[in-house]
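# Inside the fold
Here's the letter readout for the chains.
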Amino acid sequence: MKKTFFTLTIIILFFLLYGELFAQTVKKIDDIWVPGPGGKNIKQPRYENSCIFSEDLAQSVWQKKWGYIDLTGKFVIAPQYEECGAFINGIARVKLNKKWGYIDKKEKAIIEFKFDNAQDFSEGMAVVYENGKCGFIDTTGKYFFQGTIEEARNYKYGLAPVKIGGKWGYYDKNGKLAIENKFDYAHPFGFSKGKYASVKFNGKWEYIDRTGAIRKDLGFKDVPPPPPAPKTDIKKH
């Protein structure tokens, strides 16, 4: 009898203390237009302290913890994470107790929290850093490409920029070298539906095609600078 009473007391206290998390909403600021299916723009709500929606969920912070809200602004995954990424094909990266892992929309951990840093999934693969090493995992958490990789960006159009020996090159989904590691920096392929990528070569920004050839004939101007490198907690040696 005492055990039952104790259990009921704990349950009641839990909902009194934490139940508001599940009903907590964030203030809507306005509506924004984002790319939708078929190339058409669609309207989505934007909330205070929140990111852009992906798969009807958006990262949102409350009391310095991150969770996910639905399109009404209600938390459907309680704010409890130190950082988190967008849901992509039902999977999101989240950081808990200083380690990254991956969850599904039911908040189930599908890949354990063991990574020092992790990127969003792209084309079924994600870049992760573990114990000072960089590699690629699939959606089951299994490594399929790991070795002497120093840094990497996610796959786009079947190729991923990978830094080995201080230089960037491109590798295919079998982990085979597709374009020689000779660039100072390399972006994922993306221009003209994956035909071209921007790279830094001998101190200058250029465009290359999928053979690795520099294409000065394309007439592109104002090659963008690289985005900030993915933040890691790994000390480089």
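Data block above holds the structure.
A brief look at the structure comes next. (Residues numbered from 1 in each chain as written. Predicted model: local features only at pLDDT ≥ 70, side-chain atom pairs only at ≥ 80, totals over all residues. Heavy atoms only, no water.)

### Description of the overall build of the chain
Broken down by element type, the chain carries 2 helices and 20 strands. Looking at the chain as a whole, 40% of its 237 residues are labelled buried. Carbon and sulfur atoms form 55% of the exposed surface of the chain, whose accessible area is close to 14100 Å². (Helix = DSSP H or I, 4+ residues; strand = E, 2+ residues; numbered from the N terminus. Buried < 20%, exposed > 50% of the residue type's maximum accessible area, 1.4 Å probe, protein only. Areas by Shrake-Rupley, 256 points an atom, 1.4 Å probe, with all protein chains shown as cover.)

### Quick word on the pairing of strand E16 (residues 167-171)
One face of the sheet, then the other: side chains in a regular strand alternate in exactly this way. Across the 5 residues of E16, 4 count as buried, placing the element largely inside the fold. One ladder, built from 5 bridges, connects strand E15 (residues 160-164) with E16; its direction is antiparallel. When the bridges of E16 are listed, proline 161 appears paired with tyrosine 170. Hairpin connection between E15 and E16: a loop of 2 residues separates the two successive antiparallel strands, and glycine 165 in this loop has a positive phi of roughly 65 degrees. (Pairing = 2+ DSSP bridges.)

### Digging into the packing of aromatic side chains
A ring pair, where both rings are aromatic, is described by two values, the distance of the centres and the angle of the planes. For the structure on display, the rule yields 13 aromatic pairs. Considering the side-chain rings of phenylalanine 136 and phenylalanine 145, the 5.4 Å spacing of their centres and the 10 degrees angle between planes classify their relative orientation as stacked. You'll find phenylalanine 136 and phenylalanine 145 in the same group, each marked buried. Ring pairs connect the aromatic residues Phe136, Phe144, Phe145, Tyr155 and Tyr171, which therefore count as one cluster. Here the guanidinium or amino end of lysine 182 rests over the ring plane of phenylalanine 201, the centre of that ring lying 5.7 Å away. Sitting over the ring of phenylalanine 189, arginine 210 keeps its end group 5.3 Å from the ring centre. (Phe/Tyr/Trp six-rings, centres within 6.5 Å; stacked < 30°, edge-to-face > 60°. Lys NZ or Arg CZ within 6 Å of the ring centre and 35° of its normal.)

### Overview of the sheet that holds strand E9 (residues 109-115)
Reading across the sheet, the 4 strands line up as E6-E7-E8-E9 and stay open at both edges, with antiparallel pairing between neighbours. Both outer strands of the open sheet, strand E6 (83-84) and E9, are each paired with one neighbouring strand and no more. In the sheet, E6 pairs with strand E7 (residues 92-96) via 2 bridges, with the strands oriented antiparallel. By the bridge assignment for E7, cysteine 84 is matched with valine 94.

### Points about the sheet that holds strand E19 (residues 196-201)
The strand order across the open sheet formed by 3 strands is E18-E19-E20, and the pairing between neighbours is antiparallel. The open sheet has two edge strands with one neighbour each: strand E18 (185-186) and strand E20 (204-209). Note that E18 and E19 share 2 bridges and pair antiparallel. Its bridge partner being in E19, tyrosine 185 is matched across the sheet by lysine 200.

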